[in-house]
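One-letter residues, chain by chain:
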Amino acid sequence: MSTLTEENYKSASVRRKRLRQLWIAFLLFPAVTILATFVFLPMISAIWYSVYEWDGLVRGDFVGLANFAEVLFNPQSNKFLFNAFFNNVKVFVTLMIVQNGLALALALLLAREPKGYRFYQVVFFLPVILSTVIIGFQWKLFLNPIFGLVNTFLRMVELDSWALPWLGLPETALGSMLIVNAWHWVGFPTLVFLAAIHRIPKDLIEAARLDGASEWNIARDIIWPLMAPAVTIIVVLTFIGSFNWFEIPYIMGGLEGSPAYSTDMLGLLFYRTAFGSVSAGNSDFGTGSALAVLIFIFIFTFSTIATRYLTSREVELS
Amino acid sequence: MAQIELRGVTKQFGDVKVIHGADLVIEGNEFVVFVGPSGCGKSTLLRLLSGLEEQTAGEIYIDGERIDHLPPAKRGLAMVFQSYALYPHMTVFENMSYALRVAKKSKAFIAEKVGEAAETLQLTELLDRKPKALSGGQRQRVAIGRAIVRDPRVFLFDEPLSNLDAKLRVQMRIELTNLHQQLKTTMIYVTHDQVEAMTMADKIVVMRSGNIEQVGAPLELFKKPANKFVAGFIGSPAMNFFDGHVTKIDNQYHQIRLANGVEFVCKLSNQKLSVNDRVHLGLRPESLTPNVKGDGTFKGTSSTVERLGAQTYIYLKTEIGEDIIVHHLGDLEIKSGESIEVSFNIAECHLFGPDEQRIEIDG
Amino acid sequence: MTNLKRLATSAILGAATFAYAGTALAQTELSFWSWRQEDVKAYNQIIAAFEEQNPDISVTFTAHEAKSYNTILTTALAGGAGPDIMHTRSYGSLEAIAAPGYLEPLDGQIDLSALSADELLGTTLRADGHVYAVPFASQTALVFYNKDLFEKHNVDVPATWEEFKAAADAFKQNNVNPLANGIADGWTAEVMAGALMPNFYGKEFFGEVTSGSADFEDPRFVGALEKIAELKDYMPTGYEGVDYATMKQLFIAGQAAMFVGGSFEIPGFVESGVNFDIMPAPAAKAGDERMVATWLDGGYGVNASSENKEAALKFIQFTATQPFAQMLSDKLANVPAVDGAVIADPMLAKVSAFHAEASPYIMLVGFRFNTPTGSTLLQNGLQELLTGKKTAAEVAKDVSDGIKSAK
């Protein structure tokens, strides 16, 4: 009798286990399907495309790594690659300093809950929910050298010499776009940083204050190390975002990274190469896909390394 | 050796007054415990002292120097938090040395100071560990060590033992008392646990809803509680209270009749009680003795009896439903449900007037 | 219950009737894609005229966003979902879809006799010599000028480069922008240079550079670029950031006296009410030729895998006839590629007359077949030239190197 119940029990537990597995599979199904359709499939097809010669949209012969060699070593193509790549590097460095630095400063300020901080929190976050396309167009109008708000204002306060054609000069175009991007996105890292700061027990800050730490000491010695997980997230997201930067430069500088490729980005270069444009020439899926694969490998490798390194300096808040 | 003085210290959060003008003098080298139920303002008072909160009105002095306008670090106080508030990303050494590093002390000085404190607290072996790798008691010691290295004039403890288990709590209580004797500094200790207060304090400050109810040595509070609240709060198990009123006054002899029918006469000098005034009789559980004649006797039915061998606790219910706890030294063979009589002597009674303030009994 | 039954019966009957009606009016439905969003109304009128003559064919005109039209079209064609008939671009962009075989060769299937060989060149695949689209209109790069401003400031309409610069100086002194042009949008810089340069590099240069007997480092081309660099002084303040929309706004609002652009601006300027006229780019010096730059805007092609090829060819044949050309001229203010249309609009007639002295719009007609295209190289070079980053000689060398490396 006892063995029978045990067996019954066993089979019931096996059944339960199976049901559980089925349930897990069921819950995973939509996510896996979406991931497979919109992430893995395009990725694999890009790798597939990149080893063929393409005549427009018609697949030609298998060419091995020739497309990669073309992108990387042909001086006529790799000068665009390097130019775009260094522009992306500039974007990353600038956004890290300007956008995330500002976000950190804002988060530290807001964390002290000054009067009306909830209002400011909303104000800083508001641009994040606006459409990038709208922001791009809006700021393109603001920065118009003749009719734009920015120069009209500068002329009004008699800073005529400052009223530059912001988006027209190779020296200022990228910087202007980065400021727009920072304006657009600063609320996001601010919010993440703020949440991280709020997670730090108040006692720790007070203990430091009693230990004689200045506000700067507290920010540097206590808050900064303890918000490491948030910093990891933001650094990695900024990295990925910087090297995939597309919408703002596309809308404000066009597909050719105008003026004179000073706002050219890997994303724009890929788009031009793969799909062509009215003036840039015809679409070439082969080199375009090779470029996409290279961009992917670069971003994947570096964000993985960065995540590993940054995670190692995180501390659990007990 | 720091003397602390509070003059009319008031704290208000918005419209809510949480400290109603506290006046208090703490002598140098004293171990003072702020005790009271949660929400009584004891922690707030401590935070006002530390400078983490700013008082709405009043003045705070240390050794005659007014300090209430100084930032926390400049007051020469160190605080041990209930949560220990150890910096989780720093080792024990870094935790303990942080204040000195911020103050830009020399490396040698820091090493010596921390070494000394670690020695005192038996933390030398743990200096390279992070807080996560420490037990609760060890963390507690690190928190104390962090305070010690700063050579503060006053130590502030905010319920430091409440996160420890019972056994460790007893041990830490002893360690803290020893530490106080060793360091000879003023210590202010906040707790809601009257046992901690009784065992550790030189002086207890009992607080209730933002008011200081009584200040005194532990046994003084136990023996002569200033009012019904202090009487009920100090002592464990808590004092039994009986409602009653004055039925007859003959010269200084007052006849008092309790709600449960018990009557007794006591001599009260300097009293303005009149007939029919409500009074409260307080009797500690150990002042009630079963099966012996006294000045008054309660009848009750035992609901629960706890026989521990060396002592016995009897929980009684009187005929009108009052709960009485009796503490008897030695064993007593009583069954629950049994009807028994307990009596008291006038000398051991605490009497509180209509305003719940203490009335001195002369016999 | 009976009610429900009745309802079901009538529903079935209704559906059947509908299906019947459908077969009775059986028509070949053709889809027609274009990038001319501003021409939808006119095209629907033209299509209505065609449908009147061919009641068995109905055509649905869909206009896509111009900037991404090539991508949309090529992607659709590659995916087998393309339209039956489509507006194609010309030259290199045509080859991009003709070479993979997406387009039906038209020569031999329809009558192309109303078109000149020059115009057919723009829709011919160089590799096989077949014509893949019926050319629809030519465009011309020229100079627009504001008649009121010239009158008001007493400036003579210039005929030579010296006069052009003198006129520009005169406007400048009167605080009027001589030119509306900016360079924020690379293609407007190419149109500007494309309009002005031929009179400096001369009639023969195009033939020589396309045949390979000359390259872009040729002194004639460098010299022409140097003249373009001189325009810096005559463009609006902040011209580096002045985009296409701003250029038009400046000209329409009377804030700029001249606008170097394509003939496709005419309808817009007419509609805006600005009192303007057009002229060919100034001659290098008095007595020299005064050419306009022209190119074929595009054509009408047939999807090689269309299921309604017969009907589609019928429509395409229609586009190669005089009545169509007439409508194109009347309704769309285009200079039609098909001969025989009487151009009623005086402005268009003028453009057409300019064609007597014309040179191909160099980069589009000659160098948009490979990557990098001449247009990309020149647009970027012009931005560098006009922002002072590079000299004319350096830009010419970049263009030349780029063209030689293109494939």
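Residues numbered from 1 in each chain as written. Chains lettered and ligands numbered in written order. Predicted model: local features only at pLDDT ≥ 70, side-chain atom pairs only at ≥ 80, totals over all residues. Heavy atoms only, no water.

### Focus: the overall build of chain A
Here is step 1: Along chain A, the regular secondary structure elements total 14 helices and 2 strands.
Here is step 2: Here the C-alpha atoms of chain A give a radius of gyration of 26 Å, more than 25% beyond the 20 Å that 2.2 N^0.38 yields for 318 residues.
Here is step 3: Each of the three principal axes of chain A carries a C-alpha extent, and together these read 95 × 70 × 30 Å.
Here is step 4: When each of the 318 residues of chain A is scored for burial, the buried share is 45%.
Here is step 5: By element, 71% of the accessible surface of chain A is carried by carbon and sulfur atoms, the whole surface being about 17200 Å².
Here is step 6: Each charge class in chain A was averaged separately, 21 positive and 21 negative side chains, and the resulting centres sit 10 Å apart. (Helix = DSSP H or I, 4+ residues; strand = E, 2+ residues; numbered from the N terminus. Rg over C-alpha atoms; globule rule 2.2 N^0.38 Å. Buried < 20%, exposed > 50% of the residue type's maximum accessible area, 1.4 Å probe, protein only. Areas by Shrake-Rupley, 256 points an atom, 1.4 Å probe, with all protein chains shown as cover. Lys, Arg positive; Asp, Glu negative; His and termini not counted. Charge placed at Lys NZ, Arg CZ, Asp CG, Glu CD.)

### Brief notes about the overall build of chain B
Here is step 1: Secondary structure assignment for chain B yields 8 helices and 21 strands.
Here is step 2: Across its three principal directions, the C-alpha atoms of chain B cover 75 × 45 × 35 Å.
Here is step 3: The 363 residues of chain B split such that 51% are buried.
Here is step 4: Restricting the contact set of chain B to residue pairs at least 6 apart, pairs at least 24 apart contribute 65%.
Here is step 5: A total accessible area of about 16300 Å² is found for chain B, and carbon and sulfur atoms account for 47% of it. (Contact = heavy atoms within 4.5 Å.)

### Comments concerning the sheet that holds strand S2 (residues 16-26) of chain B
All names here are of chain B.
Here is step 1: Read from one edge to the other, the open sheet built from 4 strands follows the order S2-S1-S4-S5, with strand pairing classed as antiparallel. Every other strand in the sheet has two partners, leaving S2 and strand S5 (65-66) as the edge strands with one partner each.
Here is step 2: As paired elements, strand S1 (residues 4-13) and strand S4 (residues 57-62) share 5 bridges and run antiparallel to each other. Across the sheet, residue Ile-4 finds its bridge partner in S4, namely Ile-62.
Here is step 3: Docked against the sheet, helix H1 (residues 42-50) engages S1, S2 and S4, running at close to 115° with respect to S1. (Pairing = 2+ DSSP bridges. Axes fitted to C-alpha atoms, helices over the stretch in contact; angles between N-to-C directions.)

### Quick word on the pattern of salt bridges
Here is step 1: Considering all chains together, one arrives at 37 salt bridges over all chains under this definition.
Here is step 2: With a closest N to O distance of 3.0 Å, Arg-272 of chain A and Asp-264 of chain A form a salt bridge. Summarising the burial analysis for this pair, Arg-272 of chain A and Asp-264 of chain A share the class buried.
Here is step 3: Salt-bridge contacts for Lys-397 of chain C lead to Asp-401 of chain C; the nearest nitrogen and oxygen are separated by 2.8 Å. Pair noted here: Lys-397 of chain C and Asp-401 of chain C are both in helix H19 (residues 392-405), with a separation of 4 residues, about one helical turn. (Salt bridge = Lys/Arg side-chain N within 4 Å of Asp/Glu carboxyl O.)

### Topic: the interface of chain A and chain B
Here is step 1: Contacts between the two partners involve 19 residues from chain A and, on the opposite side, 21 residues from chain B.
Here is step 2: Counting the surface lost from both chain A and chain B, the interface buries some 1800 Å², and carbon and sulfur atoms represent 65% of this.
Here is step 3: Summed over the three residues of chain A that lose the most area to chain B, namely Glu-206, Leu-210 and Asp-211 of chain A, the buried surface amounts to 38% of that side.
Here is step 4: Where chain A packs against chain B, one counts 2 salt bridges.
Here is step 5: Residue Asp-211 of chain A pairs with Arg-150 of chain B through a salt bridge whose shortest N-O separation is 3.9 Å.
Here is step 6: Joining chain A to chain B, the criterion identifies 7 residue pairs in polar contact (both at pLDDT 80 or more). (Buried area = accessible area lost by both parts, 1.4 Å probe. Polar contact = N/O pair within 3.5 Å; in protein donor to acceptor, adjacent residues only side chain to side chain.)

### Some details on the interface of chain A and chain C
Here is step 1: Across the contact, 30 residues belong to chain A and 42 residues belong to chain C.
Here is step 2: Of the roughly 2900 Å² buried between chain A and chain C, counting both surfaces, carbon and sulfur atoms make up 55%.
Here is step 3: At the junction of chain A with chain C, the criterion picks out 2 salt bridges.
Here is step 4: For Glu-171 of chain A, the salt bridge is made with Lys-389 of chain C, and the minimal N-O distance between the two is 3.1 Å.
Here is step 5: On the surface where chain A and chain C come into contact, there are 5 residue pairs in polar contact (both at pLDDT 80 or more).
Here is step 6: Here the side of chain A that touches chain C is built from residues that sort into 16 nonpolar, 9 polar and 5 charged. (Nonpolar A, V, L, I, M, F, W, Y, C, P; charged D, E, K, R; others polar.)

### Brief notes about the layout of surface pockets
Here is step 1: Of the voids in this model, the second largest pocket is the one considered here, and its volume is about 1000 Å³.
Here is step 2: Taken together, 38 residues form the lining of the second largest pocket, with Asn-282, Asp-284 and Thr-287 of chain A together with Thr-371 and Lys-407 of chain C sitting closest to its centre.
Here is step 3: Secondary structure elements with two or more residues in the lining of the second largest pocket: strand S1 (52-55), helix H2 (66-73), helix H3 (75-111), helix H13 (266-275) and helix H14 (285-312) of chain A together with helix H4 (91-98) of chain C.
Here is step 4: Taken together, the residues of the lining of the second largest pocket sort by class into 16 nonpolar, 14 polar and 8 charged. (1 Å grid on protein atoms, 1.4 Å probe; cavity = no way out; pocket = protein on both sides within 12 Å on 5 of 7 lines; lining within 4 Å. Points joined across faces, edges and corners; volume = space filled by probe spheres on them.)

### Describing the pairing of strand S12 (residues 253-258) of chain B
Residue and element names in this part refer to chain B.
Here is step 1: Of the pairings in the sheet, the one linking strand S11 (residues 240-250) to S12 comprises 6 bridges and is antiparallel in character. From the neighbouring strand, His-245 faces S12, where its bridge partner is Arg-257.
Here is step 2: Linkage of S11 to S12, two consecutive antiparallel strands, is achieved through a turn of 2 residues, within which Asn-251 is found at a positive phi near 55°.
Here is step 3: In this sheet, strand S13 (residues 263-267) lies alongside S12 in antiparallel orientation, the contact comprising 5 bridges.

### Details of helix H7 (residues 161-173) of chain C
Residues and elements named next belong to chain C.
Here is step 1: Compared with an ideal rise of 1.5 Å per residue, which puts 13 residues at 18 Å, H7 spans 18 Å between its outermost C-alpha atoms and is within 8% of the ideal.
Here is step 2: Of the surrounding secondary structure, the elements contacted by the buried residues of H7 are helix H6 (147-152), strand S5 (177-179), helix H9 (198-201), helix H11 (219-229) and strand S6 (256-262).
Here is step 3: A positive phi of about 60° marks Asn-175, the residue just after H7. (Expected span 1.5 Å × (residues − 1).)

### Brief notes about unusual backbone geometry
Here is step 1: Of the consecutive residues Ser-258 of chain A and Pro-259 of chain A, the connecting peptide bond is found in the cis state with omega at 0°.
Here is step 2: Of note, the bond from Thr-371 of chain C into Pro-372 of chain C is cis; its omega dihedral lies within 30 degrees of zero at -5°.
Here is step 3: Along the chain, the position of Pro-372 of chain C falls in the loop between helix H17 (362-366) and helix H18 (374-386).
Here is step 4: A positive phi angle is found at Lys-104 of chain B, which is not glycine, with a value near 60°.
Here is step 5: Given a relative accessible area of 73%, Lys-104 of chain B falls into the exposed group.
Here is step 6: You will see that Ser-209 of chain B, though not glycine, has its phi angle at about 35°, which is positive.

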